[in-house]
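Here are the chains, one letter per residue:
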Amino acid sequence: MSTTALNDLSRIPIVQAPMAGGASCPELAEAVCEAGALGFLAGGYKTAGGLYQEVKRVRGLTARPFGVNLFMPQTGRPADPAAVEVYRHQLAGEADWYRTPLGETDDSRDDAYDAKLAILLEDPVPVVSFTFGCPTPEVLAAFARAGTYTIVTVTSAEEALAAERAGAGAVCVQGVEAGGHQGTHRDDPDEDGTPGTGLLTLVTQVRESVRLPLVAAGGIMRGAQIAAVLAAGADAAQLGTAFLACPESGAHPLHKRALTDPLFTRTALTRAFSGRPARGLVNRFTHEHGPYAPAAYPEVHHLTAPLRKAAATAGDAQGMALWAGQGHRLARELPAGELVGVLAAELDTALSELAPRSTP
């Protein structure tokens, strides 16, 4: 494992993934940081003011370094309004079932990006990461001047090269095993159904393409898996699903229980809830609507938001977005700090077993 500014941020090479939607709350970030790993807040779907309050809350809980993740504005090909309208009609039965109107789809596509940048540049945090694209060189340079370490999520060697050229401090290499949204920079519906790249292969490809530090993400649930990605060339491992079941996680109790519920046997990438490929537990909603959901993010996200909220209120996991990585059945219901300790011990054991044995 190389020594980088990334490794200087925490004692243990573990990063708690920024999971948008409520799971990555200040209490989870604080517990992870205090245990010696790097905790993260998710800025996605929050208002700029809401993000500011959460950052303030984390600072009141811990003096250790932590990170904030931002969603990049959606500047690519706009969604087809006709396709979104067709999907709205398809979801009419869900609206009737949950007795709630569908959401409006004319909300902003930039997730208050500029306002959040302004907050984080005015009152810098130790780390800022980005998903769904790469910031401009000017933005990355501004964070560097502010003393903020930057990480760009990538899903290919080409995206990693773009991040390196733009001036990112590191890249988070996201394998297809990862839960939640795929952080690809370009959402191409023509590639739906094309198998993604597994984490170990992707880490190797990126390691041989760029000189930046790497954070490996995707299905990691055990210390031995962390050792594997470090051996492949990563500097740290990012875990999301592993922290979902922790008591400090802000995930809904139904979501936490579903991770190991035998009713949910597999995960799949689906556009059903947001219009962008995201990995979650296969339930009734993904089965019925996934094949017909258009490539329309964040329009579909706004459209289904009331349905997801109503399903959670009704205690119906079959209508919720149960984001999870492929290793979800390995989830452990441990306090976050204890989980970091267990993972670190497993990592130490795995590394010692990998170390060359001296001959007598």
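In case you missed it, the structure is sitting above this.
Residues numbered from 1 in each chain as written. Predicted model: local features only at pLDDT ≥ 70, side-chain atom pairs only at ≥ 80, totals over all residues. Heavy atoms only, no water.

Q: I'd like to hear about the sheet that holds strand E1 (residues 14–16), residue by residue, with values.
A: The strands that make up a sheet are held in pairs by hydrogen bonds between backbone atoms, and each pair lies either parallel or antiparallel. In spatial order, the strands read E1-E9-E8-E6-E5-E4-E3-E2; together these eight strands make up an open sheet with parallel pairing. Here the strands that pair on one side only, and so sit at the sheet edges, are E1 and strand E2 (39–42). Taking each pair of neighbouring strands and ignoring which way they run, the sheet shows an average axis angle of 25°. Inspection of the sheet shows strand E8 (residues 214–217) paired to strand E9 (residues 236–239) by three bridges, in the parallel sense. Its bridge partner lying in E9, Ala217 is registered against Gln238. Sheet strands in contact with helix H3 (residues 48–61) are E2 and strand E3 (66–71), and its direction is about 165° off that of E3. Sheet contacts for helix H6 (residues 113–122): E3 and strand E4 (127–131); angle to E3, the most-contacted strand, approximately 160°. (Pairing = 2+ DSSP bridges. Helix = DSSP H or I, 4+ residues; strand = E, 2+ residues; numbered from the N terminus. Axes fitted to C-alpha atoms, helices over the stretch in contact; angles between N-to-C directions. Contact = heavy atoms within 4.5 Å.)

Q: For unusual backbone geometry, give the residues involved together with the corresponding values.
A: A negative phi angle characterises most non-glycine residues, just as the trans form characterises most peptide bonds. Here the amide bond leading from Tyr297 into Pro298 is cis, since omega sits at 10°, within 30 degrees of zero. Mapped onto the secondary structure, Pro298 falls in the loop between helix H13 (284–289) and helix H14 (299–314). One non-glycine residue, Tyr45, lies in the positive phi region at around 70°. As for its placement among the helices and strands, Tyr45 is situated in the loop between E2 and H3. Despite not being glycine, Asp111 has its phi angle at roughly 55°, a positive value. With respect to the helices, strands and loops of the structure, Asp111 is situated in the loop between helix H5 (92–98) and H6.

Q: So what's going on with the pattern of salt bridges? Residues and values would help.
A: Overall, the coordinates contain 12 salt bridges when judged by the stated rule. Ionic pairing is found between Glu288 and Arg284, a salt bridge with its closest N-O pair at 3.1 Å. One end of the pair, Glu288, and the other, Arg284, are both in helix H13, four residues apart, so they sit about a helical turn from each other. Accessibility expressed as a relative area gives 38% for Glu288, which makes it partly exposed. (Salt bridge = Lys/Arg side-chain N within 4 Å of Asp/Glu carboxyl O. Buried < 20%, exposed > 50% of the residue type's maximum accessible area, 1.4 Å probe, protein only.)

Q: Run through the packing of aromatic side chains, naming residues and quoting values.
A: Taken as a whole and assessed by the stated rule, the structure comprises six aromatic pairs. Their ring planes at 40° and their centres at 4.8 Å tell us that Phe71 and Phe132 sit as a pair that is tilted. Pair noted here: Phe71 is in strand E3 and Phe132 is in the loop between E4 and helix H7 (137–146), with a separation of 61 residues, a long-range link. Of the two residues, Phe71 and Phe132, both sit in the buried class. A connected cluster of aromatic rings, assembled from ring pairs, spans Tyr45, Phe71, Phe132 and Tyr297. Looking at Arg276, its charged tip hangs above the ring of Phe132, at a distance of 4.1 Å from the centre. (Phe/Tyr/Trp six-rings, centres within 6.5 Å; stacked < 30°, edge-to-face > 60°. Lys NZ or Arg CZ within 6 Å of the ring centre and 35° of its normal.)

Q: Give a description of the side chain of Thr304 that names residues and reports values.
A: Within the fold, Thr304 resides in helix H14. Its relative accessible area of 0% is what places Thr304 among the buried residues. Discounting chain neighbours no more than four positions away, the residues touching Thr304 are Leu91, Ala272, Phe273 and Phe285.

Q: Let's hear about the environment of Val139: which residues, and what values?
A: Its location among the elements puts Val139 in helix H7. Under the relative-accessibility criterion, Val139 is labelled buried at 17%. In sequence terms Val139 and Gly167 are 28 residues apart; their C-alpha atoms lie 9.3 Å from each other. When neighbours within four sequence positions are excluded, Val139 is seen to be in contact with Tyr113 and Leu117.

Q: Give a description of helix H10 (residues 223–231) that names residues and reports values.
A: Two residues of an α-helix separated by three or four positions point the same way, owing to the 3.6 residues in each turn. Listing the buried residues of H10 in full gives Gly223, Ile226, Ala227, Val229 and Leu230. Looking straight down H10, one finds that the buried residues subtend no more than 165° of arc, so they occupy a single side. Where H10 is buried, its residues contact E1, helix H9 (199–207), E8, E9 and helix H15 (336–354). Taken from the residues just after H10, Gly233 is the one with a positive phi, measuring 125°. (Arc of directions from axis to C-beta.)

Q: For the nonpolar core, give the residues involved together with the corresponding values.
A: Generally speaking, nonpolar side chains in soluble globular proteins are found buried as a group. Judged by nonpolar contacts, the single largest core of 103 residues is most densely connected at Val68, Leu70, Phe130, Val171, Ile226, Leu239 and Phe243. With seven residues, the top contributor of residues to this core is H15. Look past the residues within four positions of Phe243 in its chain and what remains in contact with it is Ile14, Gln16, Met19, Leu28, Val32, Ser249, Ala336, Leu339 and Val340. Formed by 13 residues, the second largest nonpolar core is a distinct cluster that contains Leu38, Val127, Ala170 and Ala217. (Core = buried A, V, L, I, M, F, W, Y, C linked by side-chain atoms within 4.5 Å.)

Q: Give me the lowdown on the sheet that holds strand E11 (residues 278–281), citing residues and values where you can.
A: If you walk across this open sheet you meet the three strands as E7-E11-E10, and the pairing is antiparallel. Strand pairing shows two members of the sheet lacking a second neighbour, strand E7 (180–181) and strand E10 (267–270), which therefore form its edges.

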